[in-house]
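Structure assessment
Residues per chain are reported as follows:
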Amino acid sequence: MKDINGEKFQKGDLLKVIKLWGYQDKFSVGDVVKCIHVDESKIWGFKRVSDGEEHWYPNSRLQKL
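The structure displayed is predicted, hence computed values, not measured ones.

Moving on, we get to the side chain of Asp-3. By the secondary structure assignment, Asp-3 is in the segment before strand S1 (14–17). Despite its burial, Asp-3 remains without a salt bridge, the nearest opposite charge being carried by Lys-64 at 7.6 Å. In terms of polar contacts, Asp-3 uses its side chain to reach the backbone amide nitrogen of Glu-7, at 2.8 Å. If sequence neighbours within four positions are ignored, Asp-3 has contacts with Phe-9, Leu-15, Asn-59, Leu-62, Gln-63 and Lys-64.

This part takes up the pattern of salt bridges. Under the defined criterion, the tally for this structure stands at three salt bridges. Salt-bridge contacts for Arg-48 lead to Asp-31; the nearest nitrogen and oxygen are separated by 3.1 Å. Highlighted residues: Arg-48 in strand S3 (residues 43–48) and Asp-31 in the loop between S1 and strand S2 (32–37), separated in sequence by 17 residues. Asp-31 shares its class with Arg-48; the two are buried. Across the pair Asp-51 and Arg-48 runs a salt bridge whose closest N-O atoms are separated by 3.0 Å. A relative accessible area of 48% means that Asp-51 is categorised as partly exposed. Residues joined by salt bridges that share partners form a network here, namely Asp-31, Arg-48 and Asp-51.

Rules used throughout
- Residues numbered from 1 in each chain as written.
- Predicted model: local features only at pLDDT ≥ 70, side-chain atom pairs only at ≥ 80, totals over all residues.
- Heavy atoms only, no water.
- Helix = DSSP H or I, 4+ residues; strand = E, 2+ residues; numbered from the N terminus.
- Buried < 20%, exposed > 50% of the residue type's maximum accessible area, 1.4 Å probe, protein only.
- Lys, Arg positive; Asp, Glu negative; His and termini not counted.
- Salt bridge = Lys/Arg side-chain N within 4 Å of Asp/Glu carboxyl O.
- Polar contact = N/O pair within 3.5 Å; in protein donor to acceptor, adjacent residues only side chain to side chain.
- Contact = heavy atoms within 4.5 Å.

What follows is the structure, encoded as structure tokens:
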């Protein structure tokens, strides 16, 4: 899958939240998340590194670290 800049990433990679997704308040801009679930959609499962909170989030809002 690809991040906001078109850079490929995989399960286990760390990414930074660059843009919010709609009106959700699960992740904040600047959060570092780890990709934990992959499928063929453009929304994958991520876990916030700081506290382990897990949510689905669109790849187009994240930047690979």
